[in-house]
Amino acid sequence: MEENDEQDSVDKSRVLNVKPLRCLAPIFPSAPNFPSFPHPYAAPFVCPPPSGPFPSGFAPFYPFSCLSDSQYMQTPPPFGFSGAIPAPVPFNSYMTATNGNAGSSQRSSRGRSPLQPEDDGYSDDIHVNDAEGSSKAATAEKTTQKRTRAGSSQDINVASSDVDIDAMVDKILESFNLVDFDTFRRADGDKESVGYIRSIYNVLRRKISQIDDSKESIPGVTRRPDLRAGTILMNKGIRTNIRKRIGVVPGVEVGDIFFFRMEMCLIGLHAPSMAGIDYMGLKVSQDEEPVAVSIVSSEGYEDNSDDGDALIYSGQGGNFYKKGMEITDQKLERGNLALEKSLHRGNEVRVIRGVKDIANLTGKIYIYDGLYKIQESWVEKGKSGCNVFKYKLVRLSGQPEAFTVWKSVQQWKDGSAARVGVILPDLTSGAEPLPVSLVNDVDEEKGPPYFTYYPFLKYLKPVNSNESSTGCSCHGGCLAGNFNCPCIGRNSGYLPYTANGVLVSQNALIHECGSSCKCPPNCKNRVSQNGLKVRLEVFKTKDRGWGLRSWDPIRSGAFICEYAGEVIDISRAEELGGEDDGDYIFDASRTYQPGGVMLGVSNETPKVPFPLVINAKDTGNVARFMNHSCSPNVFWQPVLRENNKQGDLHIVFYAITHIPPMKELTYGYGHVPPDKAYPRKKECLCGSANCEGYFF
């Protein structure tokens, strides 16, 4: 690293001050079938008793489990445990690998308080509102700042619910059919295994959030369903890519987005739950030296990320965010030393960029921007007057665009750059809360065939339904935990959405408040009734006509839109099926691949209380432009709104996975029952690895 003459006081030879071993608390993997949190500090040490079986009348004691020798020898290792100890989270110590094998253990967050913003300006223990359904008492912030240990379960309300979390976790794992996973995919994942792990984490986090929302807040306790879900899965070994590596992480694609740091931990993209620099040890002759494998840059320090293909990254340390502590020069140790070594070795470093979540002002969204190499490093005086290490990283060419897409969308929004190919700035003519652009940057076509934009569902005649009933009397809005609310009762005693409007899991049928309810329009059980919440764009595809995508990131489980149009009889649908008009028909009687394998805790198919066929040819909304895919990122869900004895059934679309900006939104059109011959089989051009070659 180059260094200016006036900065000779920075001594690169200073050695890391290592704590004695007696100060370090051991961490052991959880035993199979053990509760997720058997001890407030760590999982129990699982081994035969120290002197063989205990005599009659005596019981094992902590940290020794109650398993007998034979039980221990016959019990298979938990999911993902194959010699390396899975680190419980949020304690920030991870076993690293040396050239792909077991290596040294490094405390990646020492020198920085785990309660203050790390390299990227984000700490999972401060931005509590980043978690779905998080709540905080008036004194919680002060309490959080006084903590001295990030990994203590006493700091986080991890066992406040009366619900059997272990049973719920087992049910979720059963629905995801994890028996198909093998040891190799746990150590080295693929796209499918990464997708499974992320889906499991998000389902569990939302379920915990739903349970927490139904309970009263505890003064001084910060609820963190994101950390709790991550801890449970870590303790159970539900993770993939557990072997640290330089370069590409199997199953993770450039441009993937994450709303929680724990997601990146579980799939092996970035192991520390808070620290911004992840590194591992490599053997050099007889010695081992650290090299950086990934960094998270979130504008917390003095990073400069204006250039989409280059990044000026600030080192770690110096107490810049520790209140009441003296700010000091950064030292060439830990992550800083690893970055310096990577500069000289020339190894690739994964870069994750953090941006503000406009839908959650205290939260962030993390974008995997691909592989970079460190070009140079230096030391300069920071704003505090102390020395700060600086590293310039340059993005490798030939990778898909990621962060640059976000920058382009932001420029379109603020008007500093024009969107190329815009035909209409707002296809809806003001019918939606947000404009929907019509764009063609592929050919000269000026737009789709004429239709009338209408954002609602038209019932041409009333439909009687036994499912409908009297609405609620929640004048201030339905509240989680109000068991007197009939709408909540119809949803198995819980609101179907988290506090920020995300669907908890797919259900056979969701009951929302409706016209017969007395709650206001902003009720938490009316998520699908207030129009678009993300900025959408209808665009011309290269080979599949017109499609739909979003300028904004979409969180897994988030509402996208409903399928609007006119409700018609099945006989009318059969007449239209032989014409091109059939392209705009939604038939809820089709059979669909259960979305539960991706989003929910069961594989129940949608429950439609009465036949529903929607024609959107002449009248409809953005949903009519969503194309089919054999690997969709959107699913539909029947939603019944309370309207006395009249059926008020709607088809609503939600995100299966986190969807980055400008990625096409697609859903599975489903299969036609054998007794219906009107739809035509068409060639599928979705291009996915699971493509069936056709759709109806």
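Draft legend 1. Main features of the overall build of the protein chain. For the protein chain, the helix and strand inventory stands at 11 helices and 27 strands. By residue count, 57% of the 696 residues in the protein chain fall in the buried class. As displayed, the protein chain has an accessible area near 30000 Å², and 52% of this comes from carbon and sulfur atoms.

Draft legend 2. Fine view of the nonpolar core. One finds Tyr563, Phe586, Met626, Ile651, Phe653, Leu665 and Tyr667 to be the most contacted residues of the largest nonpolar core, which totals 45 residues. Residue assignment for this core shows that the elements contributing at least two residues are strand 15 (536–540), strand 16 (546–550), strand 17 (559–562), strand 23 (634–641) and strand 24 (649–655). Among the elements that line this core, the one with the most residues is strand 24, at 4 residues. Filtering out sequence-adjacent residues up to four positions away, Ile651 remains in contact with Glu562, Tyr563, Phe586, Ala588, Leu612, Ile614, Trp636, Gln637 and Pro638. Val169, Val249, Phe259 and Met264 belong to the second-largest nonpolar core, a separate cluster that totals 44 residues.

Draft legend 3. The arrangement of the sheet that holds strand 24 in detail. Across the sheet, 4 strands lie side by side as 14-23-24-17; this open sheet has mixed pairing. Lying at the two open borders of the sheet, with one neighbouring strand each, are strand 14 (510–512) and strand 17. Sheet twist, expressed as the average angle between the axes of neighbouring strands with direction ignored, equals 40 degrees. By the bridge criterion, 3 bridges tie strand 17 to strand 24 in an arrangement that is antiparallel. When the sheet's bridge partners are listed, Glu562 is paired in strand 24 with Val652.

Draft legend 4. Spatial organisation of the confidence of the model for the protein chain. Taken as a whole, the protein chain shows an average pLDDT of 77; of its residues, 70% reach a score of 70 or greater. Below a pLDDT of 50 lies the segment residues 1–10, which in the model reaches 24 contacts outside its immediate sequence neighbourhood of four places, other chains included. Predicted confidence is poor over residues 12–23, with pLDDT under 50, and the contacts of this stretch with residues over four places away or in other chains come to 15 contacts.

Draft legend 5. Examining the sheet that holds strand 11 (residues 437–439) more closely. In spatial order, the strands read 10-11-15-16; together these 4 strands make up an open sheet with mixed pairing. Looking at which strands have only one partner, the edges of the open sheet turn out to be strand 10 (422–424) and strand 16. When the angles between neighbouring strand axes are averaged without regard to direction, this sheet yields 35 degrees. Of the strand pairs in this sheet, strand 10 and strand 11 are connected by 2 bridges, and their pairing is antiparallel. If you follow Leu424 over to strand 11, its bridge partner there is Leu438.

Draft legend 6. Quick peek at the pairing of strand 6 (residues 310–314). With 5 of 5 residues buried, strand 6 lies mostly within the body of the structure. Side chains Ala310, Ile312 and Ser314 project from strand 6 onto one buried face, and the interleaved Leu311 and Tyr313 project onto a second face that is buried too. Pairing of strand 6 with strand 9 (residues 387–395) involves 5 bridges; the strand directions are antiparallel. Bridged to Tyr313 within strand 9 is Tyr391.

Draft legend 7. Spotlight on the pattern of salt bridges. If you walk through the whole model with that rule in mind, you get 26 salt bridges. Across the pair Glu380 and Lys390 runs a salt bridge, and its minimum N-O distance is 3.9 Å. Placement of Glu380 in strand 8 (residues 360–381) and of Lys390 in strand 9 is noted, with a sequence separation of 10 residues between them. Ionic pairing is found between Lys540 and Asp443, a salt bridge with its closest N-O pair at 2.7 Å. Taken together, the positions of Lys540 in strand 15 and Asp443 in the loop between strand 11 and strand 12 (452–453) put the pair 97 residues apart, joining distant regions of the chain.

Draft legend 8. Representation of the environment of Ile651 within the structure. Within the fold, Ile651 resides in strand 24. We classify Ile651 as buried; its relative accessible area is 0%. For the pair Ile651 and Ser528, spaced 123 residues apart in the sequence, the C-alpha separation amounts to 9.7 Å.

Draft legend 9. Just the pairing of strand 7 (residues 349–357), in detail. Counting buried positions over the 9 residues of strand 7 gives 8, a clear majority of the element. The sheet contact formed by strand 7 and strand 8 spans 8 bridges and is antiparallel. In the sheet register, Asp357 faces strand 8, and the bridge partner there is Asn360. Between strand 7 and strand 8, which pair antiparallel in sequence order, lie 2 residues.

Thresholds applied
Residues numbered from 1 in each chain as written. Predicted model: local features only at pLDDT ≥ 70, side-chain atom pairs only at ≥ 80, totals over all residues. Heavy atoms only, no water. Helix = DSSP H or I, 4+ residues; strand = E, 2+ residues; numbered from the N terminus. Buried < 20%, exposed > 50% of the residue type's maximum accessible area, 1.4 Å probe, protein only. Areas by Shrake-Rupley, 256 points an atom, 1.4 Å probe, with all protein chains shown as cover. Core = buried A, V, L, I, M, F, W, Y, C linked by side-chain atoms within 4.5 Å. Contact = heavy atoms within 4.5 Å. Pairing = 2+ DSSP bridges. Axes fitted to C-alpha atoms, helices over the stretch in contact; angles between N-to-C directions. pLDDT = per-residue confidence, 0-100. Salt bridge = Lys/Arg side-chain N within 4 Å of Asp/Glu carboxyl O.

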